[in-house]
Amino acid sequence: PCSSTQETLWTAQGEYMGLPAPQCEGEPNPTPFSAKKSTQSQTMVNRATFISETIPDDTEFAPNTPFIKQFVFRNDGNYTWSREEGFYIAYEKGDVFSEITRVDIPDGVTVKSGEKVTLKIPMVAPSKGGDYISHWIWKYQGISFQTDFWTKIIVTSPKYGAQLLSQEQSAT
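## Here we look at unusual backbone geometry
Thinking step 1. For Ile-55, which is not glycine, the phi dihedral falls at a positive 60 degrees.
Thinking step 2. Topologically, Ile-55 is positioned in the loop between β3 (48-53) and β4 (59-61).
Thinking step 3. One non-glycine residue, Asp-58, lies in the positive phi region at around 70 degrees.
Thinking step 4. In this structure, Asp-58 sits in the loop between β3 and β4.

In structure tokens, the structure reads:
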């Protein structure tokens, strides 16, 4: 009798790869099909390990101050990262510090397993004083992997700073 379950597989690029018909005892297995041919043949494991960053959490900025945030990651997966393969980081949620919402692996750069890459995001501190955080995430061909990482800053307001100074002076 025919099996009532149908095997579901995924290619290394994450596309659906299924069997066109249920398997029946005594019949040859049908040929798997896929909508997109994989360029890397092993089972994919994507893992980005955060190594370091410029501008640590809670760095203070004056309103509207431009800055460049750099993140260093190590490829601890088994696939080579490149722009051509579709690896990038993307804005996920939170405060927006940049018109840029996607940063690709630089052109011509490949990051093999165990290697590091530095990605730079030009940003601008918001115009009002306060605490701000912008979350980013790794993506592979539009599919998120890994946990998010962020930029967390404090925008100092000249008015707020003057109020604190005034309060401190009046207390003494």
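Additional details are given in the paragraphs that follow.
## Re the sheet that holds strand β9 (residues 130-140)
Thinking step 1. With respect to topology, 5 strands assemble into an open sheet ordered β4-β10-β9-β6-β7, the strand pairing being mixed. The sheet terminates laterally at β4 and β7 (102-104), the two strands that pair on one side only. Averaged over all pairs of adjacent strands, the angle between strand axes in this sheet comes to 35 degrees, irrespective of strand direction.
Thinking step 2. Bridge count between strand β6 (residues 87-94) and β7: 3 bridges; the pairing is antiparallel. Each residue of the ladder has a partner; that of Tyr-88, found in β7, is Asp-104.

## Remarks on the packing of aromatic side chains
Aromatic rings considered in pairs are described by the distance between their centres and by the relative angle of their planes.
Thinking step 1. Per the counting criterion, the structure on display carries 14 aromatic pairs.
Thinking step 2. With centroids separated by 6.2 Å and ring planes inclined at 85 degrees, the aromatic side chains of Tyr-91 and Trp-136 adopt a geometry described as edge-to-face. With Tyr-91 in strand β6 and Trp-136 in strand β9, the pair connects residues that are 45 residues apart, well separated along the chain.
Thinking step 3. Residue classification places Trp-136 among the buried positions, given a relative accessible area of 1%.
Thinking step 4. Taken together, the aromatic side chains of Phe-50, Phe-71, Phe-73, Trp-81, Phe-87, Trp-138, Tyr-140, Phe-145 and Phe-149 make up a single cluster linked through ring pairs.
Thinking step 5. In this arrangement the basic side chain of Arg-102 is found over the ring face of Tyr-88, its NZ or CZ atom lying 3.6 Å from the centre.

## Structural notes on the side chain of Ser-134
Thinking step 1. Here Ser-134 lies in strand β9.
Thinking step 2. Ser-134 gets classed as buried once you look at its relative accessible area, which sits at 1%.
Thinking step 3. Looking at Ser-134, its side chain comes within polar contact range of the side chain of Trp-136, at 3.1 Å.
Thinking step 4. When neighbours within four sequence positions are excluded, Ser-134 is seen to be in contact with Tyr-91, Lys-93, Asp-95, Phe-97, Phe-149, Trp-150 and Thr-151.

## Here's the deal with the confidence of the model for the protein chain
Thinking step 1. Chain-level statistics for the protein chain give a pLDDT mean of 77 and a share of 67% at 70 or above.
Thinking step 2. This stretch, residues 1-38, has a pLDDT under 50; its non-local contacts, to residues over four places away or in other chains, come to 57 contacts.
Thinking step 3. Confidence drops under a pLDDT of 50 for residues 162-170, and excluding neighbours within four residues, the segment shows 0 contacts in the predicted structure.

## A closer look at the pattern of salt bridges
Thinking step 1. Going through the model one piece at a time under the given rule, you end up with 6 salt bridges.
Thinking step 2. As a salt-bridge pair, Asp-107 and Arg-83 come within 2.9 Å of each other at their nearest N and O atoms. Here Asp-107 is found in the loop between β7 and β8 (116-124), whereas its partner Arg-83 is found in the loop between β5 (66-75) and β6, with 24 residues between them in sequence.
Thinking step 3. Within the structure, one salt-bridge network assembled from shared partners comprises Arg-83, Arg-102, Asp-104 and Asp-107.

## Comments concerning the side chain of Asn-75
Thinking step 1. On the secondary structure map, Asn-75 appears in strand β5.
Thinking step 2. Its relative accessible area of 0% is what places Asn-75 among the buried residues.
Thinking step 3. Within the structure, Asn-75 has its side chain in polar contact with the backbone oxygen of Val-111 (distance 2.9 Å).
Thinking step 4. Each residue touching Asn-75, except ones within four places of it in the same chain, is listed here: Arg-47, Thr-80, Trp-81, Val-111, Lys-112, Ser-113, Gly-114 and Glu-115.

The rules behind each value
Residues numbered from 1 in each chain as written. Predicted model: local features only at pLDDT ≥ 70, side-chain atom pairs only at ≥ 80, totals over all residues. Heavy atoms only, no water. Helix = DSSP H or I, 4+ residues; strand = E, 2+ residues; numbered from the N terminus. Pairing = 2+ DSSP bridges. Axes fitted to C-alpha atoms, helices over the stretch in contact; angles between N-to-C directions. Phe/Tyr/Trp six-rings, centres within 6.5 Å; stacked < 30°, edge-to-face > 60°. Buried < 20%, exposed > 50% of the residue type's maximum accessible area, 1.4 Å probe, protein only. Lys NZ or Arg CZ within 6 Å of the ring centre and 35° of its normal. Polar contact = N/O pair within 3.5 Å; in protein donor to acceptor, adjacent residues only side chain to side chain. Contact = heavy atoms within 4.5 Å. pLDDT = per-residue confidence, 0-100. Salt bridge = Lys/Arg side-chain N within 4 Å of Asp/Glu carboxyl O.

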